Amino acid sequence: MRPFIRTIAVTVAATTIAATTACSPPEKESESSGSSAAAATSAADLGGLDKLVEAAKAEGQLNVIALPPNWANYGEIIKTFGDKYGIKVNSAQPDGSSQDEINAANQLKGQDGAPDVFDLGAAVATANVAMFAPYKVEKHSEIPDNLKEANGAWTNDYGGYMSVGYDSAKVPAPTSLADLLKPEYKGKVALNGDPTQAGSAFGAVQAASLGNGGTVEDIKPGVDYFGRLKKAGNLLPVDPDSATIQSGQTPVVFDWDYLNAAEATKLKTWKTFVPTGAVLGSYYAQAINKDAPHPAAARLWQEFLYSDEGQNLWLKGGARPVRADAMEKAGTIDKTAFAALPKIDGSPVIPTEAQNTKAKEILASDWAKAIG
């Protein structure tokens, strides 16, 4: 399970990306190709996808950061891309946060080890648009307008819904948020981090607010709900991960559905459900570092991720690809993996940054008092 700091936390950790550097100066043609790729806003600018592939292969490397292998199937995605194009993928700081990605780009600017691409939470993405190189993948038109920046500076890639994961061998199957207040769940419910710092925990409070008559910005009902969980003795002061889930220490966990669903591959009795009336959605965003040391490979990575192949690989990992609707209509989506996603009952709510800002103000003033 990816560390809870992934979306919101600002964790400054200076690290370098392990990258193999060339032993001799690049040829002039490579320099020209790199310059062209760095300015390309689409594959067409380089003469088409085949030319982009050619330029990326000439670079031979791609630097990614903060992509745990078990997060949304990134392990297989990285391997498939590398094998497909013969490009070495240097993966740094897999347990890093979104802010760590930005910090690394600033600290390593101008160096061969700087990140080429980013995978960011919405708040960090929208706060750092000036660092991104606008680029529209070939499938750009199939991505909903509200899930991309108009000029291609960032594009949502995959997402999911806040859910409740539980070990069906250790607790009764919950059917609502209210069920978790019952004595059967005493000392068994875990929240993935502190919601004033952690993206998934913050989402859990917003979802609980929706399920208790509130909104994603007026989240006092959600704060009160977790206060009741704490008072009942049901809320555990433990940050869950795969080890605590498999050991039985955290038999009930609030987390994104694709992360909870992934735990079922390790613990067969682990189930996931999205509470009715509390359907909170969230997407991550892709962006290219405008100072990427491998600009062609960075753009080819984006093309791969938004292709049917890349989108289905995210889907295989339990995440909901941003092109899901278009792929379903075209018949190119992995139907088995799509059908295996946790069922959704109700209209999804995807908060805006303005709504999140208001919600965080409430958390800052009320959370500690509610669970203290």
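Residues numbered from 1 in each chain as written. Predicted model: local features only at pLDDT ≥ 70, side-chain atom pairs only at ≥ 80, totals over all residues. Heavy atoms only, no water.

S.K.: I'd like a description of empty space enclosed by the protein, backed by residues and values.
M.R.: The full count for this structure, using the stated rule, is five cavities of 30 Å³ or more. Tyr-135, Val-137, Gly-152, Ala-153, Trp-154, Thr-155, Gln-286, Ala-287, Ile-288, Gln-302 and Tyr-306 are the residues that line the largest cavity. Counting residues per element, the lining of the largest cavity draws most heavily on strand 9 (residues 281-288), at three residues. Class assignment of the residues belonging to the lining of the largest cavity gives a composition of seven nonpolar, four polar and no charged. (1 Å grid on protein atoms, 1.4 Å probe; cavity = no way out; pocket = protein on both sides within 12 Å on 5 of 7 lines; lining within 4 Å. Points joined across faces, edges and corners; volume = space filled by probe spheres on them. Helix = DSSP H or I, 4+ residues; strand = E, 2+ residues; numbered from the N terminus. Nonpolar A, V, L, I, M, F, W, Y, C, P; charged D, E, K, R; others polar.)

S.K.: I'd like a rundown of the packing of aromatic side chains, residues and numbers included.
M.R.: Enumeration according to the criterion identifies 16 aromatic pairs in this entry. Relative to Trp-314, the ring of Tyr-74 lies with its centre 6.0 Å away and its plane at 90°, an arrangement referred to as edge-to-face. One end of the pair, Tyr-74, is in helix 3 (residues 74-85); the other, Trp-314, is in helix 11 (residues 308-316), and 240 residues separate them in sequence. A single burial state applies to Tyr-74 and to Trp-314, both of which are buried. Members of the aromatic cluster, connected to one another through ring pairs, are Trp-71, Tyr-74, Tyr-158, Tyr-258, Tyr-284, Tyr-306 and Trp-314. The ring of Phe-202 is capped by Lys-360, whose NZ or CZ atom sits 5.7 Å from the centre of that ring. (Phe/Tyr/Trp six-rings, centres within 6.5 Å; stacked < 30°, edge-to-face > 60°. Buried < 20%, exposed > 50% of the residue type's maximum accessible area, 1.4 Å probe, protein only. Lys NZ or Arg CZ within 6 Å of the ring centre and 35° of its normal.)

S.K.: Any chance you could break down unusual backbone geometry for me, citing the residues and the numbers?
M.R.: At Ala-66, a residue that is not glycine, the phi angle is positive and equals roughly 60°. Looking at the element boundaries, Ala-66 is found in the loop between strand 1 (61-65) and helix 3. Given the relative accessible area of 0%, Ala-66 is considered buried. One non-glycine residue, Asn-73, lies in the positive phi region at around 70°. Here Asn-73 lies in the loop between strand 1 and helix 3.

S.K.: Give me the lowdown on helix 14 (residues 353-371), citing residues and values where you can.
M.R.: An ideal rise of 1.5 Å per residue puts 27 Å on 19 residues; helix 14 measures up with 25 Å between its terminal C-alpha atoms. Its maximal kink placed at Ser-365, helix 14 deviates by approximately 40°. Of all the residues in helix 14, the buried ones are Asn-356, Ala-359, Ile-362, Leu-363, Asp-366 and Trp-367. The inward-facing, buried residues of helix 14 abut strand 5 (189-191), helix 6 (199-210) and helix 7 (220-231). (Expected span 1.5 Å × (residues − 1). Bend = angle between axes of the 7 residues up to and from the residue. Contact = heavy atoms within 4.5 Å.)

S.K.: Just give me the short version of the layout of surface pockets, but keep the residues and values in it.
M.R.: In this structure, the second largest pocket occupies an estimated 480 Å³ of space. Lining the second largest pocket are 29 residues, with Ala-122, Ser-282, Pro-351, Glu-353 and Asn-356 sitting closest to its centre. Of the residues belonging to the lining of the second largest pocket, the class tally is 14 nonpolar, 13 polar and two charged.

S.K.: Residues and numbers for the packing of helix 6 against helix 7, please.
M.R.: The packing of two helices is summarised by the inter-axis angle and the distance between the axes. At their nearest, the axes of helix 6 and helix 7 sit 7 Å apart, and the two run at 105° to each other. Put simply, helix 6 runs roughly perpendicular to helix 7. The segment helix 6 lies against helix 7, with Ala-204, Val-205, Ala-208 and Ser-209 engaging Pro-221, Gly-222, Val-223, Tyr-225 and Phe-226. Partitioned by chemical class, the residues of the contact of helix 6 with helix 7 number seven nonpolar, two polar and no charged. (Axes fitted to C-alpha atoms, helices over the stretch in contact; angles between N-to-C directions. Parallel < 35°, antiparallel > 145°, perpendicular 65-115°, else oblique.)

S.K.: Account for the confidence of the model for the protein chain, with residues named and values stated.
M.R.: Segments scoring low in pLDDT should not have their predicted coordinates read at a detailed level. When the pLDDT values of the protein chain are averaged, the result is 90; 91% of them are 70 or greater. Here residues 1-32 is a poorly scored stretch, pLDDT under 50, and it has 90 contacts once near neighbours within four places are set aside; other chains count. (pLDDT = per-residue confidence, 0-100.)

S.K.: Could you give an account of helix 3, with specific residues and numbers?
M.R.: The end-to-end C-alpha distance of helix 3, which contains 12 residues, comes to 17 Å, matching closely the 16 Å that a straight helix rising 1.5 Å per residue would cover. Buried within helix 3 we find Tyr-74, Ile-77, Ile-78, Thr-80, Phe-81, Gly-82 and Tyr-85. Positive backbone phi, at 65°, marks Gly-86, one or two positions downstream of helix 3.

S.K.: Lay out the pattern of salt bridges in plain terms, naming residues and giving numbers.
M.R.: Going through the model one piece at a time under the given rule, you end up with 14 salt bridges. The closest approach of N and O atoms between Asp-145 and Lys-148, which form a salt bridge, is 3.7 Å. Among the residues examined, Asp-145 registers a relative accessible area of 65% and is labelled exposed. Sharing partners across several salt bridges, the network here consists of Glu-142, Asp-308 and Arg-323. (Salt bridge = Lys/Arg side-chain N within 4 Å of Asp/Glu carboxyl O.)

S.K.: Before we move on, can you summarise the pairing of strand 2 (residues 88-92) with the specific residues and values?
M.R.: Across a regular strand the side chains alternate sides, sitting on one face of the sheet and then on the other. Bridging between strand 1 and strand 2 involves five bridges; their strand directions are parallel. Its bridge partner lying in strand 2, Val-64 is registered against Ser-91. In this fold, strand 1 hands off to helix 3, which returns the chain to strand 2; that crossover is right-handed. (Pairing = 2+ DSSP bridges. Right-handed = clockwise from strand over helix to strand, strands pointing away.)

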